[in-house]
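Structural features, examined
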Amino acid sequence: MRRPRVKPEHQPYRSGERTVRIGGEIYGLASEISDPYGCAWAALELMDGSRDRQTVVECLRRRFPGRDVEGVVDTLLASGHVEDADAPVPEQLDARQRARYSRNADYFRWIDLRPREHQWEPQLRLRRSRVVVLGMGGTGCHAAWALAAAGVGAIHCVDPDEVELSNLNRQMLFGEADIGRAKVEAALARMREINSDIEITGEIRRIGSQEELSELIAGCDVLALCADEPRVQGGIRRWANRASAAAGIPWVGGGYAGPQVSVGVFAPGYPCFECFLAEGKERGHVTDFAWPGVIATSAGISGLLVAQGVITLLTGVPEVPPGYVHGVNLVAPDDRVYVRYPSRGDCVVCGRD
Amino acid sequence: MKSDDIVPDLPDEGESEKKEQILIRRLDKIETTGWPASNGNSN
Ligand SMILES: [Zn+2]
C-alpha cells in the first residue's frame, strides 16, 4: 500500500479512553480497536492519504519511542478499514464505465474488508462473469435487472412464456406494450436500454430435465434460478442443485410464499439445497406453499436478494460462506429468515460418506 | 453471535507486552444500530 488512507465511510471515533470504533455502526463491518497507549488513534490520524507507510511509521516512532508501532500500522493496514490513496485505476474500465459504476465502486470499498490493490476489483470480477437467469417472472425480472445494472459482463435470460397483463403488477422489465410478446424478447430489449456495455442474450425455452439444465449452465459462473416449475421429479430446484454440483457451479434460488420471501445461496463444497430440504423435513417443516399471491414488493425483494446472492458469489464481497437460506417476512418485521443447516453425511449431492 | 477477533493475542509474550498490542474485533450485533438514516447523499 503506497499511501494509506482510512476509508471515508469508515471514519473512526473514540468510543472510550482506550478504544476506537471504526467502520460506522453497521454489524458485520464495524470494529472496535483496543488502543492501550493511543498509538492506533494517532496512526489512523496520520493515514489520510498524504504520506506513505514508512512516513507514518517514523512519525509514530517519534511519538511512541520503544513501542511496536510497525505492528500497529500493519494491523490497521490489514484490517480492511484502510485503502490506498494512490491506488491505480484499472485500464479495463474506460471513463464511461468508471462513471456508470462509480457508486458501485464506493459501495464495494465500503463493504469490502479485504485489503485490495484498488477499489475496482469487485467490479472487474462482475465484468468478467457470466450468469444464467432462469425464469423471467417477478423474481427473474428484478434479478436480471439488478445484475445488468450492477455490470455483470454477460447475462443469459431464459423463459418460455409471453407477457400477460397479470404480470405487470410485479415484472418490472415489462410494460403494457409488451403484452403478448415473448418475455425474453421484451426483457432483453429493456435490459439493453439500461446497460449497453454488457452482453445480454436469451432464449425462449422451457427447461424439461436436469440434463437440459446442465447443458444450459455449462460455462457460466453462477445460475440464478428464478423459476419454480416444473415441480415433478423433485422439481427444478433439485435439478439445479444437482446440475450445479456436477458442473461445480454455484447457484442462487429465490421465491416467496405470500409475504415470506426467501433466497438460498449454494455452492460446491458447502451444504446443498437437498440437505436444506431434508433437514427441514426432519424438523417437520413444510417447504412448498405454491399459491399465486404476490405483489411488487415481495417479488422485488425476492429477485433483488437473488441478485445480491449472485453478486456475493461472483465478487466474494462480503465474505459469507454459501449454504444458507435467508429472507424477510413482510407480515412480521421482527422475523428475520435465516437458516444454515450442516451438510448431511448421506447426501447424494454434497455428502462425503 | 460471537465476536470474531481479527488479530489474535500474540503467543509467548509477557502479560504487559500483550496489553500493549492493539486488537481489532468486529462489533457484536447488539453493539450496532440498524438505522441507516441516509440515502447516501448521492444522485
Ligand atoms: Zn447436500
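So, how was this worked out
Residues numbered from 1 in each chain as written. Chains lettered and ligands numbered in written order. Predicted model: local features only at pLDDT ≥ 70, side-chain atom pairs only at ≥ 80, totals over all residues. Heavy atoms only, no water. Contact = heavy atoms within 4.5 Å. Buried area = accessible area lost by both parts, 1.4 Å probe. Salt bridge = Lys/Arg side-chain N within 4 Å of Asp/Glu carboxyl O. Polar contact = N/O pair within 3.5 Å; in protein donor to acceptor, adjacent residues only side chain to side chain. Nonpolar A, V, L, I, M, F, W, Y, C, P; charged D, E, K, R; others polar. Pairing = 2+ DSSP bridges. Helix = DSSP H or I, 4+ residues; strand = E, 2+ residues; numbered from the N terminus. Axes fitted to C-alpha atoms, helices over the stretch in contact; angles between N-to-C directions. Parallel < 35°, antiparallel > 145°, perpendicular 65-115°, else oblique. Phe/Tyr/Trp six-rings, centres within 6.5 Å; stacked < 30°, edge-to-face > 60°. Lys NZ or Arg CZ within 6 Å of the ring centre and 35° of its normal. Domains from an automatic or database assignment. 1 Å grid on protein atoms, 1.4 Å probe; cavity = no way out; pocket = protein on both sides within 12 Å on 5 of 7 lines; lining within 4 Å. Points joined across faces, edges and corners; volume = space filled by probe spheres on them.

1. Describing the interface of chain B and chain A
Taken residue by residue, the interface counts 19 residues in chain B and 24 residues in chain A. Across the chain B to chain A interface the summed buried area is about 1,900 Å²; carbon plus sulfur atoms make up 54%. The largest contributions to the chain B side of the interface with chain A come from I22(B), R26(B) and L27(B), which together make up 35% of the buried area. Taken together, the connections running from chain B to chain A amount to two salt bridges. Residue E31(B) pairs with R21(A) through a salt bridge whose shortest N-O separation is 3.7 Å. At the boundary of chain B and chain A, one finds four residue pairs in polar contact (both at pLDDT 80 or more). Class assignment for the residues of the side of chain B that touches chain A results in seven nonpolar, five polar and seven charged. Pairing analysis gives four bridges linking strand β4 (residues 31–34) of chain A to strand β1 (residues 23–26) of chain B, with the strands arranged antiparallel.

2. Focus: the sheet that holds strand β6 (residues 130–134) of chain A
All names here are of chain A. Reading across from one edge, β8-β7-β6-β9-β10-β11-β12-β13 is the order of the eight strands in this open sheet, with mixed pairing throughout. Each end of this open sheet is capped by a strand with a single partner; those strands are β8 (199–204) and β13 (336–339). Between one strand and the next, the sheet's axes are offset by a mean angle of 15°, whatever the strand orientation. With four bridges joining them, strand β12 (residues 324–329) and β13 adopt antiparallel strand pairing.

3. A look at the packing of helix α10 (residues 235–247) of chain A against helix α11 (residues 273–282) of chain A
Residue and element names in this part refer to chain A. The N-to-C vectors of α10 and α11 enclose an angle of 135°; their axes lie 9 Å apart at closest approach. The angle between α10 and α11 falls in the class oblique. Each of R237, R238, N241 and R242 in α10 lies in contact with α11, whose residues at this interface are F273, E274 and L277. Per-class residue counts for the contact of α10 with α11 are two nonpolar, one polar and four charged.

4. Brief notes about the packing of aromatic side chains
We describe a pair of aromatic rings using the distance from one ring centre to the other and the angle between the two ring planes. Taken as a whole, this structure holds eight aromatic pairs over all chains when the rule is applied. Above the face of the Y37(A) ring, R67(A) is positioned so that its terminal group lies 4.0 Å from the ring centre.

5. Overview of the domain arrangement of chain A
Domain annotation of chain A identifies domain 1 (4–84) and domain 2 (129–339). Here the C-alpha centre of domain 2 of chain A lies 41 Å away from the C-alpha centre of domain 1 of chain A.

6. A word on the sheet that holds strand β2 (residues 13–16) of chain A
In spatial order, the strands read β2(A)-β3(A)-β4(A)-β1(B); together these four strands make up an open sheet with antiparallel pairing. Unpaired on one side and paired on the other, β2 of chain A together with β1 of chain B mark the two borders of the sheet. With direction set aside, neighbouring strand axes in the sheet form an average angle of 30°. Relative to the sheet, helix α1 (residues 39–46) of chain A contacts β2, β3 (19–22) and β4 of chain A, its axis offset from that of β3(A) by approximately 40°.

7. Remarks on empty space enclosed by the protein
Residue and element names in this part refer to chain A. Applying the stated criterion across every chain, the model contains one cavity of 30 Å³ or more. Taken as a whole, the largest cavity holds about 40 Å³ of empty space. Lining the largest cavity, in full, are F266, P271, C272, C275, F276, G323, Y324, V339, R340 and Y341. In terms of residue class, the lining of the largest cavity is built from eight nonpolar, one polar and one charged.

8. Here's the deal with unusual backbone geometry
All names here are of chain A. Cis geometry marks the peptide bond from E229 to P230; its omega dihedral reads 0°. Mapped onto the fold, P230 is located in the loop between β9 (222–225) and α10. A cis amide bond links V317 to the next residue, P318, at an omega of -5°. Positionally, P318 belongs in the loop between α12 (296–315) and β12.

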